[in-house]
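Given next are the chains, with one letter for each unit.
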Amino acid sequence: VCNTINGSIVDIKVNAPVCNTNNGTISSCTVSSCTITGSGDYAGAICGRNMGTIEDCTVSNCTIDGSTNNVMYTGGICGYNEGTISGSNTEVTGTVTGSTSNQTYTGGYCAYNTGTISDSGSVDITLSGSSEANSYYGYVIGYNDGGTVSTDITTTAQETKIDTGTITVNSSKYFPFTLER
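In this text the structure is predicted, and so the values were computed from the model without any measurement. (Residues numbered from 1 in each chain as written. Predicted model: local features only at pLDDT ≥ 70, side-chain atom pairs only at ≥ 80, totals over all residues. Heavy atoms only, no water.)

Engineer: Sorry if this is basic, but what is going on with the pairing of strand β15 (residues 91-97) here?
Structural biologist: Along a regular strand, successive side chains alternate from one face of the sheet to the other. Two elements, strand β11 (residues 58-65) and β15, share six bridges in a ladder whose sense is parallel. Residue pairing in the sheet places Ile-64 in a bridge with Val-96 of β15. (Pairing = 2+ DSSP bridges. Helix = DSSP H or I, 4+ residues; strand = E, 2+ residues; numbered from the N terminus.)

Laid out in structure tokens, this is it:
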């Protein structure tokens, strides 16, 4: 729809990303039945990078592909959130595929969060991301860097990887783990 939003977009329905960068407000928008192949650093159905507000938006039956072009931040709603994602009607369904390269982030709502994710939306996705060192992926967010994330968001886990590794706690304790379906 546009490159950068500084104002507001309300109540549109599209089958492509709403914008690359959001500095304003995107409200009650739906992106549906599309495949988004990311390029550059950010990939998301609503926007690549959010520094404004996204509220009550729906990503319905979309495939967000950060793997093809090795995108660093791949998310269902946005790749990188520095602003606010809110609304109990916020929903993501489909497939989110992050890059398999080292140092990548993949998430259902967003890949990397330093902002605020509030209210009680939902995530029902098939998710895959990198299991390489320094990479993170998760159903709501891939990595939270001091932001706020609501615990009221419901998720339907459809993990596509089985992995083993180590969990670091307080930078000094290690606990072996195995993830299984």
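Let's pick the thread back up.
Engineer: Just checking my understanding: could you explain the packing of aromatic side chains for this structure?
Structural biologist: Between two aromatic rings, the relevant description is the distance of the centres plus the angle of the planes. Under the defined criterion, the tally for this structure stands at eleven aromatic pairs. Between Tyr-73 and Tyr-112, the ring centres sit 5.7 Å apart and the planes meet at 80°, which makes this aromatic pair edge-to-face. Pair noted here: Tyr-73 is in strand β12 (residues 73-75) and Tyr-112 is in strand β17 (residues 110-113), with a separation of 39 residues, a long-range link. For Tyr-112, a relative accessible area of 11% gives the class buried. With centroids separated by 5.0 Å and ring planes inclined at 90°, the aromatic side chains of Tyr-105 and Tyr-112 adopt a geometry described as edge-to-face. Accessibility classification places Tyr-105 together with Tyr-112 in one group, the buried group. (Phe/Tyr/Trp six-rings, centres within 6.5 Å; stacked < 30°, edge-to-face > 60°. Buried < 20%, exposed > 50% of the residue type's maximum accessible area, 1.4 Å probe, protein only.)

Engineer: What am I meant to see in the environment of Val-31 here?
Structural biologist: Among the structural elements, Val-31 can be located in strand β6 (residues 30-32). According to the relative accessible area criterion, Val-31 is buried, its value standing at 0%. Along the backbone, Val-31 and Cys-57 are 26 residues apart, and their C-alpha atoms lie at a distance of 8.2 Å. Setting aside its immediate chain neighbours within four residues, Val-31 contacts Val-14, Asn-15, Ala-16, Val-18, Ala-45, Ile-46, Thr-58, Val-59, Ser-60 and Cys-62. (Contact = heavy atoms within 4.5 Å.)

Engineer: In this structure, what is going on with the sheet that holds strand β8 (residues 42-43)? I would like to understand it.
Structural biologist: For sheets, the rule is that strands pair by backbone hydrogen bonds, running either parallel or antiparallel. With parallel pairing, the four strands of this open sheet are ordered in space as β8-β12-β16-β20. The open sheet has two edge strands with one neighbour each: β8 and β20 (136-138). As paired elements, β8 and β12 share two bridges and run parallel to each other. Among the inter-strand pairings, Tyr-42 is bridged to a residue of β12, identified as Tyr-73.

Engineer: What's the story with the nonpolar core in this structure? I'm lost.
Structural biologist: It is characteristic of soluble globular proteins that their nonpolar side chains tend to be buried jointly. In terms of nonpolar packing, the biggest core is built from 35 residues, with Val-18, Ile-26, Val-31, Ile-46, Val-59, Ile-77 and Tyr-109 touching the most fellow members. Listed by contribution, the elements that provide at least two residues to this core are β11, β15 and β19 (122-128). Discounting residues that sit within four places of it in the chain, Ile-77 has contacts with Gly-44, Ala-45, Ile-46, Cys-47, Ile-54, Val-59, Ile-85, Thr-90, Val-92, Gly-108 and Tyr-109. Grouped together as the second largest cluster of nonpolar side chains are five residues, Tyr-73, Tyr-80, Tyr-105 and Tyr-112 included. (Core = buried A, V, L, I, M, F, W, Y, C linked by side-chain atoms within 4.5 Å.)

Nothing here speaks to function; it is geometry throughout.
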